[in-house]
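# Structural characterization, general
So the chains spell out like this:
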Amino acid sequence: MRNLLISSWSRPRIVAGFCALALCIGLTGCYEPLYTASAGNASTSQTNAGLEDIKVGIIPNRGGQILHNLLLDRLNPTGRSGDPKYQLNTSLTENTKQLGYTRRYEATRANLTLNAEFNLVEISTGKIVYKGRSRAVGSYNINTSNYQTDASADDARRRASREVADDMKLRIASALGRLHKGEVVPPEPEMEPVSR
């Protein structure tokens, strides 16, 4: 009787465990990482080659320098290509909106918004092959100390820049994958203006 209770209690758990394992094994074949080349998929290796062959253009101002360096790390992790095929041109704007006022109408918090508009130019023809936009928001506290406020704002700028760089890399990799397959890259949807 005891053996019968144990076996009837554990049988559904064993079946559920096998089903979960089979599902996990089945799903691993459905997805392929975007940035790893495989011998069976030429488009993936072509996309990798496309990312490595992008020359990142200079972006003005301090925020632009931060984003430029982050893009170099993401697009050219092994160093710049000696013969780039594309140039990435980026226009970066930064807006700050103060929030959370005290009774004396002093702001205690702020949102820093980074908007990047970028295009990928084929160097040999001068043709723009892709246009895109990316946006990220970083929040920070406004303190009584100017140094602490500036340090918090710089940290928010760096966090937002990382988000923008990651998003730009994904968009560019997807666009290059479509271009290498001969597909048309759809235009980016319009972004809503940020209230100041």
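All of these numbers come straight from a predicted model, not from anything done at the bench.

So, about the overall build of the protein chain. Per the secondary structure count, the protein chain includes four helices and four strands. Helices and strands in the protein chain line up, N terminus first, as α-α-β-α-β-β-β-α. When the 196 residues of the protein chain are sorted by exposure, 32% land in the buried category. Taking all contacts inside the protein chain whose residues are at least 6 apart in sequence as the whole, residues at least 24 apart take part in 59%. Carbon together with sulfur atoms contributes 53% to the accessible area of the protein chain, which is approximately 13000 Å² in total.

In the structure shown here, the tally under the stated rule is seven salt bridges. For the salt bridge of Arg 157 with Glu 94, the shortest nitrogen-to-oxygen distance reads 2.8 Å. Placement of Arg 157 in helix H4 (residues 146-180) and of Glu 94 in strand E2 (residues 86-101) is noted, with a sequence separation of 63 residues between them. Here Arg 157 falls in the buried class, since its relative accessible area comes to 15%. On the basis of relative accessibility, which here comes to 35%, the residue Glu 94 falls in the partly exposed class. Its salt-bridge partner being Asp 155, residue Arg 159 comes within 3.5 Å of it at the nearest N-O pair. In this pair, Arg 159 and Asp 155 are both assigned in helix H4, four residues apart and thus about one turn of the helix distant. With a relative accessible area of 33%, Arg 159 lands in the partly exposed category. For Asp 155, a relative accessible area of 40% corresponds to the partly exposed category. Salt bridges here are not isolated pairs; linked through shared partners, they connect Glu 94, Asp 154, Arg 157 and Arg 158.

Attention now goes to the pairing of strand E3 (residues 107-122). Both E2 and E3 contribute to a ladder of 15 bridges, which runs antiparallel. Residue Asn 89 lies in a different strand from E3, and its bridge partner there is Asn 119. As paired strands, E3 and strand E4 (residues 127-141) are joined by 14 bridges and run antiparallel to one another. Its bridge partner lying in E4, Leu 114 is registered against Ala 136. The hairpin formed by E3 and E4 contains four residues between the paired strands, and Gly 126 there has a positive phi angle of roughly 75°.

With 32 residues, the main nonpolar core has Ile 54, Leu 71, Leu 88, Leu 120, Met 168 and Ile 172 as its most contacted residues. For this core, the elements supplying multiple residues, two or more each, are strand E1 (54-56), helix H3 (61-75), E2, E3, E4 and H4. Non-local contacts of Leu 71, meaning those with residues more than four positions away in its chain, are made with Val 56, Ile 59, Asn 76, Leu 88, Thr 90, Ala 165 and Met 168.

Turning to the packing of aromatic side chains, a few remarks are in order. By convention here, two paired aromatic rings are described through the distance between centres and the angle between planes. For the structure on display, the rule yields one aromatic pair. Seen in terms of ring centroids, Phe 118 and Tyr 130 are 6.1 Å apart; in terms of plane orientation they differ by 55°. Their pairing is tilted. With a gap of 12 residues between them, Phe 118 in strand E3 and Tyr 130 in strand E4 connect regions that are remote in the sequence. Since its relative accessible area comes to 5%, Tyr 130 is described here as buried.

About the thresholds
Residues numbered from 1 in each chain as written. Predicted model: local features only at pLDDT ≥ 70, side-chain atom pairs only at ≥ 80, totals over all residues. Heavy atoms only, no water. Helix = DSSP H or I, 4+ residues; strand = E, 2+ residues; numbered from the N terminus. Buried < 20%, exposed > 50% of the residue type's maximum accessible area, 1.4 Å probe, protein only. Contact = heavy atoms within 4.5 Å. Areas by Shrake-Rupley, 256 points an atom, 1.4 Å probe, with all protein chains shown as cover. Salt bridge = Lys/Arg side-chain N within 4 Å of Asp/Glu carboxyl O. Pairing = 2+ DSSP bridges. Core = buried A, V, L, I, M, F, W, Y, C linked by side-chain atoms within 4.5 Å. Phe/Tyr/Trp six-rings, centres within 6.5 Å; stacked < 30°, edge-to-face > 60°.

Read these as spatial facts, not as claims about activity.
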